[in-house]
Each structure stands twice: as C-alpha cells, then as structure tokens.
Amino acid sequence: MGLCISSSSSRRRNSSVELVDRIISLPDEVRVDRISSLPDEVLIQIISLLDMRRAVLSGILSSKWRGLWANIESLDFDGFKYYGIYDYSDDDKNKPFDLLERDDFVKFVVHSLNFHLRPTIHKFRLMFGYKYEYLPYIDEAILFAVRREVKELFIEFVFGFGKKYKLPAFLFGCESLVSLYLKGCNLLDPEYIRFSSLVSLSILGACLENDSILRVIDGCPLLEDLLLEECAFHRDPLEIWSFSAPGGLPLKRLTLRNNVSCESDMPILIQIEAPKLEVLNLFSFNMYSDSLNNMLSLREVSLEIIPEDADPMFLPILESWLEALHQVRVVKLCRGCIKVLYTSS
C-alpha cells in the first residue's frame, strides 16, 4: 500500500513541470502572450502541481504569475527538490545534506508559510532530514496545516541524527484529515486521538507502543487502509482489531511489512480480527496458528516470509492459515512458503 501519488496524478504533475520549464525558456514576448491568455484559476491549478521551490519561482514568468503561488491548495516541501534534485531514489534519501543546506531549506519553509494566503489547503507534504533543533519549526508547520484543515498530510524524515521527531499532540485531533503518511516519526502513547475523517494511514520507521495502534484504530472510525512498515513495537503480539467500532473494524486493506519486536529484534507476532478486511499483505512476519480471526470478507492475501523462516517446522501453522483462507479468491505465496509446502510433501 502506502500513500503514494497515483499514476494519473504523476502524469499531471510531470506535465505541469514540463509546461513551466517550456514557458521559462520562451522569448519574453512569446512568453507574455501565452500567459496573458490563461485565467488565474488555471495558473493556480498548474502551480498547485509543482513542488514549492518551483511554485515560488513561478513568479518570475511574468507579472501575472507573481504571488499566485500563495493561493495554491497543495504545498509540497521536498528537501531534495529544493536543491534541484528531481530524480532521486530511496537509497539517495539516506545520504544526508550538509547541515547548513538543511537550515536554508527550513528557512524557506517558514518564509513560504508566512506568506501563504489560502484559508484551507488540500495537501501538505514535508520531506527532509530531521535534527532536533528543527522541532519547533516542524511543529509550527504541522500546526499551520491543521489550522488550514488539511486533508492529506505527508511527513517524511528520510534520515536524522539523535532522537526521532515526536508528533505533537494537537495533530491527533485533526478531524479534517483523510490521508496521513508518517515516516521516521515517533508515535508514543498520545493521550487523545480523534481522526474522524481518516480513511488511509501509513506509518513507517516508527517506535510504537503496542496499544498505541489499537488506540489509533479506535480513533479512526472510517479507517479503510492501514500500512505499518519497518516499525519497532515494544512487545509481542501486534494486535489489529477494534473494541468500539460497531460491527467490527472497518478496515478493508492491511499491509504489514518488516515490523519487529524491540525485545527480540525479530519479526513481530501478529493477531488480526477484521471482519470487513478485503486485502491482506504480510511481509516478514511471525504468526500463531490462530493469528487470523473473523476474516469473512477477505478476497486477496499475500504472504512473504524471510528465507531463514522457511523451515518445515513452520508447516502446521502455514497449513492452518491456508485452511482458514480457503474462501479467499487470490492467495499469493512467496518462495519460502512454497519451499515449506514442497519440502514437507
């Protein structure tokens, strides 16, 4: 899963970037003629599809574009793109920028938020390398988004030094959010959680109390899509269920990938009860024979274990799972699972 831009959105975004680049390269007299024919609403929509560096720079195209960026509804603060790096991989995200360069980026974020005019925003994205000295500025940026009734919030810290960023308490009462993506943050036992509109939640690289996830789930009455990836939980098992939702957990899609127990640093045991769940993806996990309960709506399952877990002793549990999944239309097994079945046969 994961909260990611759809292919159609990516195409629109790339087209907008190309359009702006083409216009910048045109002679002045041609550029002015092209721009003068576009209404402000169209220009603002084009700028909304750009990262913030390009959005702010769009003001140099002509006087008509000047200041329009302050009315966009999607704010994309990308530390890589700020420095002109538009084609980067996940591996590149682990290569930290110079600290002074990151200071410049943080100043740019603060300056941009101070001049933004739109009373509500649809999307807010902040992605760069975290250090503790930035905490008040990050808190202020998130507060800005919450006050502007943001619907899609992406907070991604790609590398960092020292402690991870702890999410502010006020975020957990943001009732406008529909999608929330958190990477490299700590979510430690928030006192109050109420995401009344949240449909999609992704948490990556976090340190979590086991009951924090249950409390988050209980505070999201509309949650349909949940991703937990490379998170560390303080103890086994990781439980996914709801004790307050009428008719059970509303979750329809669940992905658990490479989550571990802090006690053993091994894949965490899981226990799931989700009567409305339709798609289940499990990667590098541990299980009980009765880990899956009340999965009446399930139609697609992917199971992937790490190679060293492909032991014949795993067979009874795997067989019990496959028996519990007999009504599922699509079951995808990794090579390790197939090896267990083949070796035992």
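Residues numbered from 1 in each chain as written. Predicted model: local features only at pLDDT ≥ 70, side-chain atom pairs only at ≥ 80, totals over all residues. Heavy atoms only, no water.

## Brief notes about the nonpolar core
Turning to step 1, where the next piece is worked out: Phe77, Phe124, Ile240, Ile272 and Leu280 are the most contacted members of the largest nonpolar core, which has 90 residues in total.
Turning to step 2, where the next piece is worked out: Considering each element in turn, this core owes the most residues, six residues, to helix α7 (residues 135-147).
Turning to step 3, where the next piece is worked out: The contacts of isoleucine 240, once residues within four sequence positions are left out, are Ile213, Ile217, Leu226, Leu228, Leu249, Leu251, Leu254, Gln271, Ile272 and Glu273. (Core = buried A, V, L, I, M, F, W, Y, C linked by side-chain atoms within 4.5 Å. Buried < 20%, exposed > 50% of the residue type's maximum accessible area, 1.4 Å probe, protein only. Helix = DSSP H or I, 4+ residues; strand = E, 2+ residues; numbered from the N terminus. Contact = heavy atoms within 4.5 Å.)

## Notes on the sheet that holds strand β14 (residues 269-273)
Turning to step 1, where the next piece is worked out: Here three strands make up an open sheet; going across it, the order is β11-β14-β16 and the pairing parallel. With partners counted over all chains shown, the strands left at the sheet margins are β11 (238-240) and β16 (286-293), one partner each. Looking at each pair of strands side by side, their axes are set apart by 10° on average, direction ignored.
Turning to step 2, where the next piece is worked out: Alignment of β14 against β16, held across four bridges, turns out to be parallel. Each bridged residue has a counterpart across the sheet, and for isoleucine 270 the counterpart in β16 is methionine 287.
Turning to step 3, where the next piece is worked out: The strands that helix α9 (residues 315-324) touches are β14 and β16; relative to β16, the one it contacts most, it runs at about 20°. (Pairing = 2+ DSSP bridges. Axes fitted to C-alpha atoms, helices over the stretch in contact; angles between N-to-C directions.)

## Concerning the packing of aromatic side chains
Turning to step 1, where the next piece is worked out: If you walk through the whole model with that rule in mind, you get 15 aromatic pairs.
Turning to step 2, where the next piece is worked out: Considering the side-chain rings of tyrosine 82 and phenylalanine 108, the 4.9 Å spacing of their centres and the 40° angle between planes classify their relative orientation as tilted. Of this pair, tyrosine 82 sits in helix α5 (residues 79-82) while phenylalanine 108 sits in helix α6 (residues 99-115), and the two are 26 residues apart along the sequence.
Turning to step 3, where the next piece is worked out: Lysine 123 extends its terminal NZ or CZ atom over the ring of phenylalanine 154, reaching a point 5.0 Å from the ring centre.
Turning to step 4, where the next piece is worked out: Seen from the ring of phenylalanine 283, arginine 257 lies directly overhead, with NZ or CZ sitting 4.4 Å from the centre. (Phe/Tyr/Trp six-rings, centres within 6.5 Å; stacked < 30°, edge-to-face > 60°. Lys NZ or Arg CZ within 6 Å of the ring centre and 35° of its normal.)

## Here's the deal with unusual backbone geometry
Glycine aside, negative phi is the norm for most residues, and most peptide bonds take the trans geometry.
Turning to step 1, where the next piece is worked out: For glutamate 230, which is not a glycine, the phi torsion comes out positive at approximately 55°.
Turning to step 2, where the next piece is worked out: Following the sequence through the fold, glutamate 230 ends up in the loop between β9 (225-229) and β10 (232-233).
Turning to step 3, where the next piece is worked out: Backbone geometry at serine 284 places phi at a positive 55°, although glycine is not the residue there.
Turning to step 4, where the next piece is worked out: Overall, serine 284 belongs to the buried group, its relative accessible area being 12%.

Purely geometric numbers; function is a separate question.
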